[in-house]
Every structure is written in structure tokens, then in C-alpha cells.
Amino acid sequence: MKSVLSNPIIVVILGFPVLVLILIHISTSSQIHFISDQLLQSTGLFVCVILIIFVATSFKKTRFLGEPQRYIEFLSPLIAVLGVLLFSDYPYLLWASISLGVGFSLIQVVVFWKFKEVTSGARKFVNVRVFDSLIDELCSKQNIDQQNQRLLSNDSHLVKLLLNGKRKVFWGPAISNEIGNYSYQEIFTYPYLNEQLIPYLVKEFKINFLILDLELISDYQWITHNSVYKLKLRHELPGIKLFQVELL
């Protein structure tokens, strides 16, 4: 369900039903005169260009700069203008777009409420910031220099909440496609870390603190008990654990 609701095409269909009606109307009507109407021509051309960019960047291999549906969100004022221009002679289409907008919004509310434990995404990590103050406290008690501490998590959504400059955080390569002996693609299925490589990364980069999102771990026993390190559980949230690492 989470992957379906986060699909860019689905997001646009649910969020911009008027755009769907515009595309259907244009493809089925023989009375659209973009050439004779300068406003329709320029507005429609701009919308078409952004739509092409959206579709082109909706695939995994072509996606960059975050979520492709953001292009459509920036375009929403023009989509509204284009809808009014095209539907001015078709009042039923205007009402249909309003009704679909309200209906899709209600559907999303019901679905997100029913599956909130699945669709909450990074929101479940709001309380993970307690780990920040806890690491501060541990370093203070153990007389450890925080600047030299290294933090790793198997979920990049989680660890980015702790990117505050206090300590070093494993965040993948800035300018290289290689991380140690592995490529970025071998280590990450963004935003998640390959669990089979967690022991290697802990040892290679001398990790001091490890945060595990348990929903992403299939072999918890192997991750937490091996010949590379010892883990001391320091704090636990629902589905998330903070360990202090002792390398062997």
C-alpha cells in the first residue's frame, strides 16, 4: 500500500483530478483551438512541457532532485487556469473536477487513516530525536569527544533527523560512487541500507553508534551477534533501537 500511494503517477491522479479531466478532454474533443487562442496556446504548451518532464523523471533510473510530482505541484496555478479556459463552455466538467477533488481527498484521508501504520513513513521517526540527547549524555558520562563519534543507521530517513553537526553520520558518498570496497548501488537501495553489509560498514568506518529500524531487518540475531562487534542496547523506541558499538 505504501509503495502504491507513493507512486508519482498515483499521487498526481489523486491530487490533481482536474489535470486528468483536461487530458481526457483534450484527447477526445475536436473543438480545442490552441492555435487560435494565444492564452490557451501558451498555457497549454507550458503544462505539456512540465508533464513531459514529470513523466520522464518518474522512473527510478531517471529520477533526481526528489519527488517528480513536485513539478506538477508548482504547476497547479496554471492547471487551474487551463481548466477554467477549457471548461468554460462545459459547466459539468467544472463541477466534475470539483467533485473528484473532494472525493479523492476523502479517499486519501480514509486510506491514510486506515493504513496509518503503513503510510506514516518518516513521521514515525519524530521521537527518534531523543537519541540525540541520549548520545550527548552517554558521551558526557564516558568522557568521549562527540566530534569523533560516528553514527550509522540502516534507514536514511531516520538518520537525517540527526544530521546536526555534533558527530559524524554515515550518509553515503558526496562525490564518489564507491563506499569502501562496494559501490553505492550495492550498499543502498535508497533510502535503505543493505543489511548484509552492516557489519562490514561498522568495522570499515569504525562506527560508534548504530540505530536499527527493525522493520528492515530480516536476520536480527545475525546483525546483533557476530564476530565483528558487540552491541550494547542504550535506548529503544517502537520498532527502533539505539546501540553503542564495541569493535572486536
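Shown above is the structure to which this text applies.
We now turn to the structure provided with this report.

Here is what the cut-offs are and how they apply
- Residues numbered from 1 in each chain as written.
- Predicted model: local features only at pLDDT ≥ 70, side-chain atom pairs only at ≥ 80, totals over all residues.
- Heavy atoms only, no water.
- Helix = DSSP H or I, 4+ residues; strand = E, 2+ residues; numbered from the N terminus.
- Contact = heavy atoms within 4.5 Å.
- Buried < 20%, exposed > 50% of the residue type's maximum accessible area, 1.4 Å probe, protein only.
- Polar contact = N/O pair within 3.5 Å; in protein donor to acceptor, adjacent residues only side chain to side chain.
- Salt bridge = Lys/Arg side-chain N within 4 Å of Asp/Glu carboxyl O.
- Pairing = 2+ DSSP bridges.
- Axes fitted to C-alpha atoms, helices over the stretch in contact; angles between N-to-C directions.
- Parallel < 35°, antiparallel > 145°, perpendicular 65-115°, else oblique.
- Nonpolar A, V, L, I, M, F, W, Y, C, P; charged D, E, K, R; others polar.
- Phe/Tyr/Trp six-rings, centres within 6.5 Å; stacked < 30°, edge-to-face > 60°.

**Here's the deal with the environment of L242**
So, point 1. With respect to the helices, strands and loops of the structure, L242 is situated in strand β9 (residues 240-247).
So, point 2. For the pair L242 and L212, spaced 30 residues apart in sequence, the C-alpha to C-alpha distance is 6.7 Å.
So, point 3. With sequence-adjacent residues up to four places away left out, L242 is seen in contact with F131, L134, I135, F209, L210, I211, K232, L233, R234 and H235.

**Looking at unusual backbone geometry**
So, point 1. Unusually for a residue other than glycine, N143 sits at a positive phi of about 55°.
So, point 2. Tracing the backbone through its elements, the reader meets N143 in the loop between α8 (130-141) and β1 (150-153).
So, point 3. Here N143 falls in the exposed class, since its relative accessible area comes to 72%.
So, point 4. Residues other than glycine seldom take positive phi values, yet K206 does so here, at roughly 50°.
So, point 5. Mapping K206 onto the fold places it in the loop between α11 (198-204) and β7 (209-213).

**Notes on the environment of K241**
So, point 1. Secondary-structure assignment places K241 in strand β9.
So, point 2. With a relative accessible area of 13%, K241 lands in the buried category.
So, point 3. For K241, the residues in contact, after removing those within four places along its chain, are F131, L210, I211, L212, L214, Y220, L233, H235 and E236.
So, point 4. Here Y220 takes part through its side chain, which lies 3.1 Å from a polar atom of the side chain of K241.

**Quick word on the pattern of salt bridges**
So, point 1. All told, the structure shown has seven salt bridges when counted by the stated rule.
So, point 2. As a salt-bridge pair, D136 and K166 come within 2.7 Å of each other at their nearest N and O atoms. Of the two residues, D136 sits in helix α8 while K166 sits in the loop between α9 (156-159) and β2 (168-169), which places them 30 residues apart along the sequence.
So, point 3. Its relative accessible area of 30% is what places K166 among the partly exposed residues.

**What about the sheet that holds β7?**
Strand pairing within a sheet occurs via backbone hydrogen bonds; the two strands may be parallel or antiparallel.
So, point 1. Ordered by their spatial adjacency, five strands build an open sheet running β2-β1-β7-β9-β8, and the pairing between neighbours is mixed. Pairing within the sheet leaves two strands with one partner each, and these edge strands are β2 and β8 (229-237).
So, point 2. Contacts from α8 reach β1, β7, β8 and β9, with the element oriented near 130° to β8.

**What to know about the packing of helix α2 (residues 8-15) against helix α3 (residues 17-28)**
Helices that pack against each other are described as a pair by the angle of their axes relative to one another and the distance between those axes.
So, point 1. Close contact between α2 and α3 brings their axes to 5 Å; oriented N to C, the two are set at 95°. In terms of orientation, α2 and α3 fall into the roughly perpendicular class. Of the residues in α3, those touching α2 at V12, I13, L14 and G15 are P17, L19 and V20.
So, point 2. Here the contact of α2 with α3 is built from residues that sort into six nonpolar, one polar and no charged.

**Looking at the side chain of D132**
So, point 1. Take D132: it is sitting in helix α8.
So, point 2. Judged by relative accessible area, which is 13%, D132 ranks as buried.
So, point 3. Beyond its immediate chain neighbours, meaning those up to four positions away, D132 contacts L162, N164, K166 and R167.

**Some words on the pairing of β8**
Regular strands show a simple pattern: their side chains alternate between the two faces of the sheet.
So, point 1. Pairing of β8 with β9, which is carried by eight bridges, proceeds in the antiparallel orientation. Counted as the bridge partner of L237 is I240 from β9.
So, point 2. Between the antiparallel neighbours β8 and β9 lie two residues, among them G239 with a positive phi of about 80°.

**Considering the packing of aromatic side chains**
So, point 1. Inspection of the entire model under this criterion finds two aromatic pairs.
So, point 2. Look at Y182 and Y200: their rings are 4.9 Å apart centre to centre, the planes differ by 70°, and that puts the pair in the edge-to-face class. A residue pair is termed long-range when its members are at least 10 positions apart, and Y182 in strand β4 (residues 182-183) and Y200 in helix α11 qualify at 18 residues.

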